[in-house]
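Chain and residue survey
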Amino acid sequence: MNKVFGLGLSRTGTTTLSEVLKPHMNIVHYPNHREVHRYDGACDIPVIPIYKKLDETYEDAKFVLTVREINSWAVSVTNYFERKRKRTPRPVGWQADIRKKVYGELFPTPEKLKEVYLNHYDDVLQHFDGREGKLLILDIVGGDSPEKLFSFLGINNPPNEFPMTNKAKK
């Protein structure tokens, strides 16, 4: 199987994507820079800053952009970051660096998040424009089926539904 890279932003179904693929491939969710190349697949925001280089390096790789309705997504991410802020008011290390690189700051406003979301979406679409079969846009939260993902990747026997393993905490 070819390598698979998930390009979704936080709270777009990246955990679910990795969980549904684990029985079929060696995939890592939220990899550090060394892990990206050691696995058959990787997803979440550490992949985003390097996805163009991964596309160049692994010319047979497939990419999955998980998306979500932008307003509910911005609320979900804001709540998620606020929970993180309560535990670690001043995050440091590579995970904080990745978050700043992708979102521009550690605790972005909903308006900033929406701007990042739209810019990322446009950047990915532009990068893969005219390259059919390289990119799948998948709305797990909005109801897309595992069949759509498995068909794109050439994997048989998809589950009937996605395992929602990382639902937002109230």
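Figured I'd write up the structure that's included with this text.

The rules behind these values
Residues numbered from 1 in each chain as written. Predicted model: local features only at pLDDT ≥ 70, side-chain atom pairs only at ≥ 80, totals over all residues. Heavy atoms only, no water. Helix = DSSP H or I, 4+ residues; strand = E, 2+ residues; numbered from the N terminus. Buried < 20%, exposed > 50% of the residue type's maximum accessible area, 1.4 Å probe, protein only. Axes fitted to C-alpha atoms, helices over the stretch in contact; angles between N-to-C directions. Parallel < 35°, antiparallel > 145°, perpendicular 65-115°, else oblique. Left-handed = near helix turned anticlockwise from the far one by under 90°. Contact = heavy atoms within 4.5 Å. Nonpolar A, V, L, I, M, F, W, Y, C, P; charged D, E, K, R; others polar. Salt bridge = Lys/Arg side-chain N within 4 Å of Asp/Glu carboxyl O. Phe/Tyr/Trp six-rings, centres within 6.5 Å; stacked < 30°, edge-to-face > 60°. Lys NZ or Arg CZ within 6 Å of the ring centre and 35° of its normal.

Moving on: unusual backbone geometry. Excluding glycine, residues mostly have negative phi values, and the peptide bonds linking residues are mostly trans. In this structure, Tyr30 takes a positive phi of about 55° despite not being glycine. Position of Tyr30 relative to the elements: it lies in the loop between strand 2 (27-29) and helix 2 (35-38). Positive phi, close to 100°, is recorded for Asp44, a residue that is not glycine. Mapped onto the elements, Asp44 comes out in the loop between strand 3 (41-43) and helix 3 (51-57). By relative accessible area, which is 5% here, Asp44 ends up buried.

Their axes nearest at 12 Å, the elements helix 1 (residues 14-21) and helix 7 (residues 146-153) cross at an angle of 60°. Regarding the angle of helix 1 to helix 7, the classification is oblique. Along this stretch, helix 1 crosses helix 7, giving a crossing that reads as right-handed. Two secondary-structure elements touch here, helix 1 through Leu17, Val20 and Leu21 and helix 7 through Leu149, Phe150 and Leu153. Looking at the contact of helix 1 with helix 7, its residues break down into six nonpolar, no polar and no charged.

Here we take up the pattern of salt bridges. Counted under the stated rule, the structure contains eight salt bridges. Its salt-bridge partner being Glu19, residue Lys22 comes within 3.0 Å of it at the nearest N-O pair. Exposure remark for Lys22: the relative accessible area of 42% places this residue in the partly exposed category. Each of Asp55, Arg131 and Lys134 takes part in salt bridges that share partners, so that together they form one network.

Right, let's get into the side chain of Thr16. Looking at the secondary structure, you find Thr16 in helix 1. The buried category is assigned to Thr16, whose relative accessible area is 4%. Look past the residues within four positions of Thr16 in its chain and what remains in contact with it is Ile140, Phe162, Pro163, Met164 and Thr165.

Attention now goes to the packing of aromatic side chains. Taken as a whole and assessed by the stated rule, the structure comprises eight aromatic pairs. Relative to Phe81, the ring of Tyr80 has its centre 5.7 Å away and its plane inclined at 40°; by these criteria the two rings are tilted. For Tyr80, a relative accessible area of 24% corresponds to the partly exposed category. For Phe81, a relative accessible area of 3% corresponds to the buried category. The ring of Phe81 carries Arg99 above its face, with NZ or CZ at 4.4 Å from the centroid.

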